[in-house]
Amino acid sequence: MPSLGADMTEGTLLEWLVRPGDRVDRGDIVAVVDTAKAAIEVECFETGTVEELLVQPGTVVPVGAPLAVIAAAAAEPEAGAPAGTPHARAGAHPAEHQAGPIATPLVRRLAEAGGVDLAAVHGTGPGGRITKADVQAAPHAPAGDGPSEGPAVPSPPQAESHGHPPTGPGTHPAEADGAGGRVRASPMARRIAAEAGLDLARVHGSGANGTVRAADVRAVLRAPAAPVPSTASAQEPAAPAPSPPTRAEAMRQAVGALMDRSKREIPHYYLSTTVDLAEATRWLRDRNRQLPVAERLVPAALMLKAAAVAAREVPQLNGWWTDGFTPAPAVHLGVAVALRGGGLIAPAIRDAADLPLPELMARLRDLVARARSGRLRSAETSDPSITVTSLGDQGVEAVFGVIYPPQVALVGLGKVVERPWAANGMLGVRPVVTATLSADHRASDGATGARFLSALDRLLQQPEEL
Amino acid sequence: MNQDQAAELVKEVLLEIVPDADLTATDARVDLRQELELDSMDFLTLVERLSSRAGCRIDEDDYPRMATLAGSASLLAERT
């Protein structure tokens, strides 16, 4: 069970998209996992053959527990060889984050001192990094012993395979097992159904593409001849526990726990500046006028790109604080998305600083849509390196955010408003935005933060360069 | 397209974007973005779908008129 966000301690396996015997490539979506916040499509971190699925749909599994056994690319499972034989175990690697253990020097020293083999430790930090707590929790064994039981980390990728499986996991039809199958439904509909113990597969969806809407669920629940809500069985992910917290409650708890940790552990400092958007607005307007609606850019996309490039310029703000600061190798820009019905989730646009604007805009639209329909991918939720929150759409002029641990900075963008603006001794009316930065004082000082906001300002004065 | 047909189209698209919206309770003159908590991306999706299904051009200059259900409907009715 990969960590799909800093606030995740366990997840419910909703469905498998592969079966034993299937060939999988690194990056294929193999399973859907439900967290407190959303259903997330989990990508495979190995190339090989699925040998055994260790976890049944509907099961709640802690982060770090193996979900499946995947034989390395070269090894074909032998017919009749029972899973768990020395052969199968030797060539098998539970789905994992990284090709090798990643740890800070401090953690390595700690592991050495305690006789812990880092290769056998599951990293729960961002990007699968091994934290101090992971080492302390690990069984102390002489170095060199491979993983035997429990969480294990794969060795570096073995034989390269460029062959593609005849049918990718994405092309498998949903398993015809009722609730385990893929039912399109709005988050609100899922919540109401889960609360009532109703199997969504029994609800006729009246929305686009047969999407089950809240009204459909309510109609079924109200109808006198409605099928009796199924009693929750372990097989039905829609009702995993006798009295589980509702989605809204779980979401509030998850947000609350993470923000509580943030405010307890992170010494925040805050900076604010007002950015003149006259040039950016003019440029956007001219550009959009010539384009069909689908290709138009919104100001938010331009500001996100500027924030990503500024974060690349000031690497002290782009990364993670675990037992020290680890800079991120690229800017995976988290975007806080408010969910309808409450709560928020901040998935990442990967490599945002390197994306051309139209591409970034397309990714942003796709990401927001999927965050709301509950179809995010593990790569998007596991390791954002800095997050932007744009409350401007909701009408506020400035937002001073709370940092998502283990990140070290959060950028806040307010509403674009027209204000009197003095420039070159002249007073005029210009569109402006208040950009703020909340940053971790353990990782940087105010002067570093100030460089970030000045970079953001400078970049937005030359929109054509973004 | 007359005003009623246009209003129906707007509602249809809004329900695709906000599946749980209760449009029967939505006043045709309230600001849609606030009422339905549409962000700029949602609004762009609305414009995009209305433009393609009604077969008319909608420019950024038209956005202020599209703030409400009634405004959007009358804009579409004029253009088609």
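What counts as what
- The written sequence of each chain sets the order in which its residues are numbered from 1.
- Just so you know, chain letters begin at A and ligand numbers begin at 1, following the order they were written in.
- Where totals are concerned, whole chains, interfaces and linings use all residues; where local detail is concerned, this predicted model gives features only for residues with pLDDT of at least 70, and gives and counts side-chain atom pairs only at 80 or more.
- Working from all heavy atoms in the structure, the side-chain values ignore hydrogens and water.
- Under the DSSP-based scheme used, a helix requires at least four consecutive residues in state H or I and a strand at least two consecutive residues in state E, with every element numbered from the N terminus.
- Only protein chains enter the accessibility calculation, which uses a 1.4 Å probe; a residue whose area is less than 20% of its type maximum is buried, one above 50% is exposed, and one in between is partly exposed.
- Throughout, a contact is declared for two residues whenever any of their heavy atoms are within 4.5 Å.
- Two aromatic rings from Phe, Tyr or Trp, using only the six-membered ring of Trp, form a pair when their centres are within 6.5 Å; if the ring planes differ by under 30 degrees the pair is stacked, by over 60 it is edge-to-face, and anything between is tilted.
- Throughout this description, the term charge over a ring refers to an Arg CZ or Lys NZ atom that lies within 6 Å of the ring centre and within 35 degrees of the ring normal.
- Using a 1.4 Å probe, buried area is obtained as the accessible area two parts lose upon being combined, added over both of them.
- Within this document, salt bridges are pairs made up of a side-chain nitrogen of Lys or Arg and a carboxyl oxygen of Asp or Glu, the two lying within 4 Å of each other.
- In the analysis that follows, any N or O atom pair within 3.5 Å is treated as a polar contact, provided that within protein one partner can donate a hydrogen and the other can accept it, and provided that, for residues neighboring in sequence, both atoms belong to side chains.
- Only the contacting stretch of a helix is used when fitting its axis, a line to C-alpha atoms as for every element, and angles between N-to-C directions run 0 to 180 degrees.
- Put simply, angles under 35 degrees are roughly parallel, angles over 145 are roughly antiparallel, angles from 65 to 115 are roughly perpendicular, and the rest are oblique.
- Amino acid classes used here: Ala, Val, Leu, Ile, Met, Phe, Trp, Tyr, Cys and Pro are nonpolar; Asp, Glu, Lys and Arg are charged; the rest, including Gly, are polar.
- By definition, two strands form a pair when at least two bridges between them are found by DSSP.
- Residues belong to a common nonpolar core when they are buried Ala, Val, Leu, Ile, Met, Phe, Trp, Tyr or Cys residues joined through side-chain atoms within 4.5 Å.

Would you mind showing me how to read the overall build of chain A here?
Of the regular secondary structure elements, chain A holds eleven helices and 22 strands. Here chain A holds 466 residues, and 51% of them are scored as buried. Contacts spanning at least 24 positions in sequence make up 64% of the contacts within chain A whose residues lie at least 6 apart.

Would you mind going over the packing of aromatic side chains with me for this structure?
By convention here, two paired aromatic rings are described through the distance between centres and the angle between planes. Following the criterion strictly, the structure yields two aromatic pairs over all chains and no others. Taking 6.2 Å as the distance between ring centres and 80 degrees as the angle between the ring planes, the aromatic pair formed by Tyr-270 of chain A and Phe-400 of chain A counts as edge-to-face. Of the two residues, Tyr-270 of chain A sits in strand S11 (residues 268–276) while Phe-400 of chain A sits in the loop between strand S19 (386–390) and strand S20 (409–413), which places them 130 residues apart along the sequence. Ring geometry for Phe-43 of chain B and Tyr-63 of chain B: centres 5.4 Å apart, planes at 80 degrees, overall edge-to-face. Of this pair, Phe-43 of chain B sits in helix H3 (residues 40–54) while Tyr-63 of chain B sits in the loop between H3 and helix H4 (69–79), and the two are 20 residues apart along the sequence. When its relative accessible area of 4% is taken as the criterion, Phe-43 of chain B is described as buried. You can call Tyr-63 of chain B buried: its relative accessible area is 14%. Across the ring face of Phe-43 of chain B, the terminal group of Arg-33 of chain B is positioned such that the distance to the ring centre comes to 4.0 Å.

Could you clarify how one ought to interpret the interface of chain B and chain A in this entry?
Many structure descriptions define interface size as the accessible area lost when the parts assemble. Taken together, the contact between chain B and chain A spans 23 residues of the former and 22 residues of the latter. Interface area, chain B with chain A, both sides summed: about 1,900 Å², of which 47% is carbon and sulfur. Broken down residue by residue, the surface that chain B buries against chain A is led by Asp-20, Met-41 and Leu-44 of chain B, which jointly contribute 30%. Between Glu-48 of chain B and Arg-365 of chain A there is a salt bridge; the shortest N-O distance is 2.7 Å. Our enumeration of links across chain B and chain A arrives at nine residue pairs in polar contact (both at pLDDT 80 or more). Looking at the side of chain B that touches chain A, the element that brings in the most residues is H3 of chain B, giving eight residues.

What exactly am I supposed to notice about the environment of Glu-195 of chain A here?
Residue and element names in this part refer to chain A. As for its placement among the helices and strands, Glu-195 is situated in helix H4 (residues 187–196). Classification of Glu-195 as partly exposed rests on a relative accessible area of 48%. C-alpha separation for the pair Glu-195 and Thr-246, spaced 51 residues apart in sequence, amounts to 6.5 Å.

Explain the pattern of salt bridges to me, please; I cannot follow it from the model alone.
Opposite charge on two side chains permits them to pair, given that their charged atoms come into close proximity. Under the definition given, this model contains 25 salt bridges over all chains. Its salt-bridge partner being Glu-265 of chain A, residue Arg-261 of chain A comes within 3.3 Å of it at the nearest N-O pair. Of this pair, Arg-261 of chain A and Glu-265 of chain A both sit in helix H6 (residues 247–265), separated by four residues, roughly a single helical turn. A salt bridge links Glu-78 of chain B to Arg-65 of chain B, with the nearest nitrogen and oxygen atoms 2.9 Å apart. In this pair, Glu-78 of chain B is assigned in helix H4 and Arg-65 of chain B in the loop between H3 and H4, connecting sequence segments 13 residues apart. Among the residues examined, Arg-65 of chain B registers a relative accessible area of 35% and is labelled partly exposed.

Explain the packing of helix H9 (residues 357–373) of chain A against H3 of chain B here, please?
Any two packed helices are characterised by the angle at which their axes cross and by the distance between the axes. Where H9 of chain A contacts H3 of chain B, the axes come no closer than 10 Å and their chain directions differ by 100 degrees. Taken as axis vectors, H9 of chain A and H3 of chain B run roughly perpendicular relative to one another. The residues of H3 of chain B that touch H9 of chain A, namely those facing Met-361, Leu-364, Arg-365, Val-368 and Arg-372 of chain A, are Met-41, Asp-42, Leu-44, Thr-45 and Glu-48 of chain B. Residue composition of the contact of H9 of chain A with H3 of chain B, grouped by class: five nonpolar, one polar and four charged.

Is there a simple way to explain the pairing of strand S7 (residues 68–72) of chain A in this structure?
Note on strand geometry: in a regular strand, side chains alternate between the two faces of the sheet. Residues and elements named next belong to chain A. Burial runs high along S7: five of the five residues are buried. Judged from the five bridges that link them, strand S5 (residues 48–53) and S7 form a sheet pairing that is antiparallel. Counterpart to Gly-48 in the pairing with S7 is Ala-72.

How should the side chain of Ser-438 of chain A be read in this particular structure?
Residue and element names in this part refer to chain A. Examined against the element boundaries, Ser-438 turns out to sit in strand S22 (residues 426–440). Within the structure, Ser-438 has its side chain in polar contact with the backbone oxygen of Gly-401 (distance 2.8 Å). Non-local contacts of Ser-438, meaning those with residues more than four positions away in its chain, are made with His-268, Tyr-269, Tyr-270, Phe-400, Gly-401, Ile-403, Val-408, Ala-409 and Leu-410.

Explain the sheet that holds strand S4 (residues 39–43) of chain A here, please?
What links the strands of a sheet is backbone hydrogen bonding, and the strands pair in either a parallel or an antiparallel sense. Residues and elements named next belong to chain A. Taken in spatial order, the five strands of this open sheet run S6-S1-S3-S4-S18, and their pairing is mixed. The open sheet is flanked by strand S6 (60–62) and strand S18 (376–377), the only strands paired with a single partner. For strand S3 (residues 29–34) and S4, the ladder comprises five bridges, and the chain directions are antiparallel. If you follow Val-32 over to S4, its bridge partner there is Glu-41.

Please explain the nonpolar core as it appears in this structure.
The nonpolar side chains of soluble globular proteins are, as a tendency, buried together. Among the nonpolar cores identified, the biggest contains 108 residues, and Phe-452 and Leu-460 of chain A together with Leu-50, Ile-58 and Leu-76 of chain B are the most heavily contacted of them. Examining the composition of this core, we find that eleven residues originate from one element, helix H8 (residues 299–313) of chain A, more than from any other. With near-sequence residues (within four places) excluded, Phe-452 of chain A lies in contact with Ala-307, Ala-310, Ala-311, Val-314, Leu-317, Ile-386, Val-411 and Leu-437 of chain A. Residues Ala-189, Val-203, Val-217 and Val-220 of chain A belong to the second largest nonpolar core, which totals twelve residues.

Could you clarify how one ought to interpret the pairing of S5 of chain A in this entry?
The pairing of strand S2 (residues 23–24) of chain A with S5 of chain A spans two bridges and is antiparallel. Counterpart to Arg-23 of chain A in the pairing with S5 of chain A is Thr-49 of chain A.

Is there a simple way to explain unusual backbone geometry in this structure?
One can expect most non-glycine residues to show negative phi and most peptide bonds to be in trans. Along the chain, Pro-405 of chain A connects to Pro-406 of chain A via a cis peptide bond; the corresponding omega equals 5 degrees. Within the secondary structure, Pro-406 of chain A sits in the loop between S19 and S20. The phi torsion at Asn-424 of chain A lies on the positive side, around 55 degrees, for a residue other than glycine. Within the secondary structure, Asn-424 of chain A sits in the loop between strand S21 (417–423) and S22. Notably, Glu-37 of chain B is not glycine yet its phi reads approximately 55 degrees, a positive angle. For Glu-37 of chain B, the position within the fold is in the loop between helix H2 (32–35) and H3. The partly exposed category is assigned to Glu-37 of chain B, whose relative accessible area is 48%.

Nothing here speaks to function; it is geometry throughout.
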